[in-house]
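Chain residues, written in single-letter form:
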Amino acid sequence: MSIWNRVEVTTRFSELPSAFYTLVQPQPLTTPHWVIWNEDLAAEFGLPPEPNQELLSTFSGQEVPDVCVPLAMKYAGHQFGMYNPDLGDGRGLLYGELRTLHGQYYDLHLKGAGLTPYSRMGDGRAVLRSSIREYLCSEAMAGLGIATTRALALVGSDTPVRRETMETGAMLARVAQTHIRFGHFEHFFYTNQMTELALLADTVIDWYYPQCRGAEAPYAQMFTHIVERTAHMIADWQAVGFAHGVMNTDNMSILGDTFDYGPFAFMEDYEPGFICNHSDYQGRYRFDQQPSIGLWNLTALARALSPLIEHSELERILSTYEKTMQRRYSVVMRSKLGLKHSHEQDSQLFDDLFQLMAANHTDYTRFLRQLSCIDIEGVQPILDLVIDREQAKNWVERYLVRCAQDDGGTTSDDELQRRCEFMRTKNPKYILRNYLAHIAIEKAEQGDYSDVETLAYLLAHPFEEHSGYEEYASLPPQWGKELEVSCSS
Ligand code: AMP
Ligand code: MG
């Protein structure tokens, strides 16, 4: 019996009117092979721990399971501020929704599955390099507890794909609560398909926000949730130092999941103006712009929802974004510093820390992790991360006074230890540094996937020590800081 008859799959998106999608069969990869199989995620759907031939033929596009109905979704979106009506799944197909053992549905999407009516000038393919980056980063974000799409499987092949150089094609099995983006709403709005716009909103409510169904104004309620989730997602990015790189409205999930990993990067040296996408010449999506771009994107969505929600309501809901984002950010940052109570001078303490790190080109992740190890390793290794040690010493002293205040006057050894143990669950030791991904990709391109496996494991458990793997937590070498990641994927 087929594996696909033993798990539960629905294809409800394919039951929507044809204006929502085009049915498309995948174009298989040649001589496919496994790169990595996400055993833990597979288990959630009742899929086997070891991938087999049948799964390989599914995830390389060779055979479509009887229970799936592959389709390319139609959407549009604002790319770098400009409206593009011609978007849609140009190289990925939605296969259906998989049910977890707990009864929740997740889209199964095969990225790199060949040409669709929305491929425009593209070839419908995804290369191994970018697919490894997406696999590792989505699992890293999940490990960090940040809302994200997931990666179930990655298949490599001999299929030649031209980018800046010749590369090979891959397919990534992406799993997400939804693949519906802001751009889905924009498409129906800008093409004046009002019945479909309302049906899309009703569908989103039925499937993902059923709590809005009984509300007085269900659409406004839905938009409120989208604003809140987007604000939370972006606050979480800022707190961990994640730069997305391509925050176009077609890459914004209506559930506030981090979506579509391209030229993303985790910030290393703390730098608010960090631009990870080397094709982003204007710096539209630079690190410190992400919160305001989140609002810009939500405003674009609001416009698309304007036939369904009163203008003043939309304005009111949008106006909650900044506070929600700030509140979440403060809560997360305070927890990263191990502070239980808020204090009016905290924002000064945070600002001075950021200023210290920016002036000294300090590695954001390492600094906070080292601060979380002050109970075991003391102050010196923290100071060693900063060029101006006096300035660092001064800040750490103020921080310890602030901690003592949090502890009611003085900090006992027990309290220090408890605080640090807690902080080590909030400040990751392992992040996906560009140079680590680069090394793993170079090996993978030679057929050695061991580093992909190792990184996938470490990043899924980024707060643990993993003795013996310290090199994966070390500072990047100079060449690793200078890597340029292009948009090509
Ligand atoms: P992205 O920048 O990856 O979010 O992609 C933007 C749009 O371009 C989406 O509609 C993609 O489906 C499409 N696209 C990206 N790469 C390709 C490709 N190689 N072939 C066809 N379509 C693509
Ligand atoms: Mg995209």
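A quick note: this is a predicted structure, and the numbers were derived from the prediction, not measured.

Q: Please provide a residue-by-residue account of the pairing of strand β10 (residues 150-162), values included.
A: Strand direction decides the pairing type here: strand β3 (residues 33-37) and β10, joined by four bridges, are antiparallel. Looking at β10, one finds that W37 is bridged to A153. One ladder, built from nine bridges, connects β10 with strand β11 (residues 166-176); its direction is antiparallel. Along β11, the bridge assignment pairs L154 with L172. Hairpin geometry of β10 and β11 is characterised by an intervening segment of three residues between the two adjacent antiparallel strands.

Q: Describe in detail the packing of helix α5 (residues 194-208) against helix α6 (residues 218-240), supporting the description with residues and values.
A: Packed helix pairs are specified by the crossing angle of their axes together with the interaxial distance, meaning the distance between the axes. In contact at an axis separation of 10 Å, α5 and α6 are set at 65° when each is read in the N-to-C sense. Both α5 and α6 take part in a crossing whose hand is left-handed. Side by side, α5 and α6 meet where A198, A201, D202, V204 and I205 of the first sit next to P218, Y219 and M222 of the second. Taken together, the residues of the contact of α5 with α6 break down into seven nonpolar, no polar and one charged.

Q: How would you sum up the domain arrangement of the protein? Please name residues and give values.
A: Domain boundaries in the protein define domain 1 (3-182), domain 2 (216-332) and domain 3 (339-423). One C-alpha centre belongs to domain 1, the other to domain 3, and the line joining them spans 42 Å.

Q: Outline the coordination of the magnesium ion (ligand 2), listing residues and values.
A: For the magnesium ion (ligand 2), the full set of protein donor atoms is N251 (OD1) and D260 (OD), and the range of their distances to it is 1.9 to 2.2 Å. Comparing N251 with D260 shows no difference in burial state: the two are buried.

Q: Report on the environment of P51, specifying residues and quantitative values.
A: Locating P51 in the fold gives a position in the loop between α1 (39-44) and α2 (53-59). In this structure the C-alpha to C-alpha distance between P51 and M267, which are 216 residues apart in sequence, comes to 34 Å. When neighbours within four sequence positions are excluded, P51 is seen to be in contact with W34 and W37.

Q: Now, about the packing of aromatic side chains: what can you tell me, with residues and values included?
A: In this description, an aromatic ring pair is defined by two values, namely the gap between the centres and the angle between the planes. Taken as a whole, this structure holds 24 aromatic pairs when the rule is applied. Here W34 and W37 contribute two aromatic rings whose centre-to-centre distance is 5.5 Å and whose plane-to-plane angle is 70°, an arrangement assigned as edge-to-face. The class of W37 is buried, set by a relative accessible area of 9%. Judged by centre distance (6.2 Å) and plane angle (65°), the rings of F367 and W395 are edge-to-face. Linking F367 in helix α11 (residues 364-371) with W395 in helix α14 (residues 389-406), this pair joins segments that are 28 residues apart in sequence. Take F367 and W395: they sit in the same class, and that class is buried. The structure contains a cluster of three or more aromatic residues connected by ring pairs, namely F13, F20, Y21, F188, W207 and Y208. A cation over an aromatic ring shows up here: R133 above the ring of F264, its NZ or CZ 4.1 Å from the ring centre. The residue whose ring lies beneath R284 is W296, and the NZ or CZ to ring-centre distance is 4.5 Å.

Q: Talk me through the site of ligand 1; I want residue IDs and the actual numbers.
A: In the neighbourhood of ligand 1, 17 residues make up the surrounding shell, with G88, G90, R120, G124 and N251 lying closest. Here G124 contributes a backbone N or O atom positioned 2.8 Å from a nitrogen atom of ligand 1. Contact distances for ligand 1 include 3.3 Å between a nitrogen atom and a backbone N or O atom of R125. Residue classes in the shell around ligand 1 are distributed as two nonpolar, seven polar and eight charged. Of the residues that make up the shell around ligand 1, three or more belong to each of domain 1 (3-182) and domain 2 (216-332).

Q: Outline helix α4 (residues 182-190), listing residues and values.
A: Count 3.6 residues to each turn of an α-helix, and residues three or four apart come out pointing the same way. Burial of α4 is extensive: eight of the nine residues sit out of reach of the surface. Listed in full, the buried residues belonging to α4 are F182, G183, H184, F185, E186, H187, F188 and F189. Residue N192 follows α4 closely and has a positive phi angle near 60°.

Basis of the calculations
Residues numbered from 1 in each chain as written. Chains lettered and ligands numbered in written order. Predicted model: local features only at pLDDT ≥ 70, side-chain atom pairs only at ≥ 80, totals over all residues. Heavy atoms only, no water. Pairing = 2+ DSSP bridges. Helix = DSSP H or I, 4+ residues; strand = E, 2+ residues; numbered from the N terminus. Axes fitted to C-alpha atoms, helices over the stretch in contact; angles between N-to-C directions. Left-handed = near helix turned anticlockwise from the far one by under 90°. Contact = heavy atoms within 4.5 Å. Nonpolar A, V, L, I, M, F, W, Y, C, P; charged D, E, K, R; others polar. Domains from an automatic or database assignment. Donors = N, O, S within 2.8 Å, 3.2 Å for Na, K, Ca; no water. Buried < 20%, exposed > 50% of the residue type's maximum accessible area, 1.4 Å probe, protein only. Phe/Tyr/Trp six-rings, centres within 6.5 Å; stacked < 30°, edge-to-face > 60°. Lys NZ or Arg CZ within 6 Å of the ring centre and 35° of its normal. Near = heavy atom within 4 Å. Polar contact = N/O pair within 3.5 Å; in protein donor to acceptor, adjacent residues only side chain to side chain.

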